[in-house]
Amino acid sequence: MMMAIRKRRGGILHPTVELILEYIYVVIGSGLVALAFSVFLLPNEIASGGVSGISTILYGLFQWKPSYVQWCLNIPLFIAGLFFLGKRFGAKTLVGTLVLPFFVFIFEEWGAATEEPLLGAIFGGLGIGAGLGIVFRGKASTGGVDLLAQIIHKYIGISLGTIILLIDGTIVLASAFIFGIEQALYALIAMFITAKTIDVVQIGLGTSKMALIISDQEEELRQGILTHIYRGVTKINAFGGYTQDERPMLMVVVAQYEVTKLKQYVKSVDPSAFVIVVNANEVLGEGFKRG
């Protein structure tokens with residue numbers, strides 16, 4: 001009998017194993033989001049947008065349990081998403097929609113990890129960003145205002161980014177009236193850190209660099225990059241904007257620690273070479289990440 005758990009060519013996981021891992025990502029990510037919310041944001045009255053922000057405000061006003069509020073909002077929003085947008089969210093998003101409030105229910109009695117709001121905003125933002133990034137790697141979401149934004153986008157046409165910004169901005173503004181302006185400012189800090197942390201989890205720290213090189217010695221440089229830098233190089237046909245002369249351009253991606261070596265080599269071959277070095281946020285393939 002063929003083993004169910006195996007790897008295909010190129011290191012790609014068996015679809016069943018990959019699906020199981022995606023569900024694990026959703027559960028772990030949801031748990032991390034709930035923990036960060038319960039011990040950092042909620043105790044410090046930081047409503048950093050989304051359904052969790054609404055539940056923080058309602059807890060501050062009426063002492064309603066955040067987990068119940070999140071279930072009461074997430075489940076109807078998920079059903080509305082199915083009705084208005086079709087069955088495209090999948091079981092993993094349903095799992096995130098249900099599991100996140102469950103973890104909040106477990107963690108909400110733990111109390112504050114810190115009573116310093118700034119620390120709460122920073123570490124709450126980090127925890128929620130890391131958790132959401134893991135959920136997104138599982139090709140799912142935790143529902144909430146994202147589904148509402150998609151519904152509004154479908155029928156009104158406003159961009160998703162604008163709608164989410166308006167919803168989250170309204171929540172933060174409401175928190176300013178209820179908890180005070182300082183708590184709203186802390187919420188903005190948490191939102192910013194969350195967004196940046198999601199990027200880090202999704203695409204990494206961007207430690208690779210891409211270099212574009214234009215030189216009259218392009219053939220010597222091409223050979224040298226292959227044999228001295230030990231990196232692949234791509235030759236791109238380009239033309240001078242002023243002269244309209246053909247000027248082949250070399251593109252090479254290197255690790256952070258190889259940038260100096262590359263620049264020194266290019267300078268040794270052609271001191272007048274034109275070199276552009278930019279961040280490569282995510283690089284997949286031979287010599288880098290496999291995906």
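- Per an unreviewed UniProt entry, the protein chain goes by DUF2179 domain-containing protein and derives from Fictibacillus arsenicus.
- Note on the protein chain: under the UniProt heading Subcellular location (unreviewed entry), the record states "Cell membrane".

Side note on the packing of aromatic side chains
Consideration 1: Taken as a whole and judged by the stated rule, the model has 9 aromatic pairs.
Consideration 2: With centroids separated by 6.2 Å and ring planes inclined at 20°, the aromatic side chains of tyrosine 68 and phenylalanine 105 adopt a geometry described as stacked. Taken as a pair, tyrosine 68 in helix H3 (residues 66-85) and phenylalanine 105 in helix H4 (residues 90-107) lie far apart in primary sequence, 37 residues in all.
Consideration 3: A relative accessible area of 42% places tyrosine 68 in the partly exposed class.

As for the sheet that holds strand E4 (residues 274-280)
Consideration 1: The 4 strands are arranged E2-E3-E1-E4 in an open sheet whose pairing can be described as antiparallel. Across the chains shown, the open sheet's two edge strands, defined by having one partner strand only, are strand E2 (234-236) and E4. Strand-to-strand, the axes of this sheet are offset by a mean angle of 25°, without reference to chain direction.
Consideration 2: Of the strand pairs in this sheet, E2 and strand E3 (residues 249-255) are connected by 3 bridges, and their pairing is antiparallel. Bridging from a neighbouring strand, isoleucine 236 pairs with methionine 249 of E3.
Consideration 3: Against the sheet, helix H9 (residues 218-229) engages strand E1 (208-214), E2 and E3, with an angle of about 20° to E3.
Consideration 4: Packed on one face of the sheet, helix H10 (residues 259-269) meets E1, E3 and E4 and runs near 150° to E3.

Considerations on the nonpolar core
Consideration 1: Ranked by internal contacts, the top residues of the largest apolar core, which has 24 residues, are Ala34, Phe37, Leu41, Ile46 and Ile128.
Consideration 2: Of all the secondary structure elements, the ones that give two or more residues to this core are helix H1 (15-41), H4, helix H5 (117-137), helix H7 (160-179) and helix H8 (181-203).
Consideration 3: For this core, the element with the most residues is H1, which contributes 7 residues.
Consideration 4: Setting aside chain neighbours within four positions, we find isoleucine 46 in contact with Leu41, Thr56, Pro117, Gly120, Ala121, Gln183, Tyr186, Ala187 and Ala190.
Consideration 5: Residues Ile213, Ile225, Leu250 and Val252 belong to the second largest nonpolar core, which totals 15 residues.

Section: the environment of isoleucine 225
Consideration 1: Relative to the elements of secondary structure, isoleucine 225 occurs in helix H9.
Consideration 2: Classification of isoleucine 225 as buried rests on a relative accessible area of 0%.
Consideration 3: Each C-alpha atom, one on isoleucine 225 and one on aspartate 146, is 46 Å from the other, the two residues being 79 residues apart in sequence.
Consideration 4: Beyond its immediate stretch of four places on either side in the chain, isoleucine 225 contacts Ile213, Tyr230, Arg231, Val233, Val252, Leu262 and Tyr265.

Reading the values: rules and limits
Residues numbered from 1 in each chain as written. Predicted model: local features only at pLDDT ≥ 70, side-chain atom pairs only at ≥ 80, totals over all residues. Heavy atoms only, no water. UniProt positions renumbered as here; feature names shortened; annotations may be inferred. Phe/Tyr/Trp six-rings, centres within 6.5 Å; stacked < 30°, edge-to-face > 60°. Helix = DSSP H or I, 4+ residues; strand = E, 2+ residues; numbered from the N terminus. Buried < 20%, exposed > 50% of the residue type's maximum accessible area, 1.4 Å probe, protein only. Pairing = 2+ DSSP bridges. Axes fitted to C-alpha atoms, helices over the stretch in contact; angles between N-to-C directions. Contact = heavy atoms within 4.5 Å. Core = buried A, V, L, I, M, F, W, Y, C linked by side-chain atoms within 4.5 Å.

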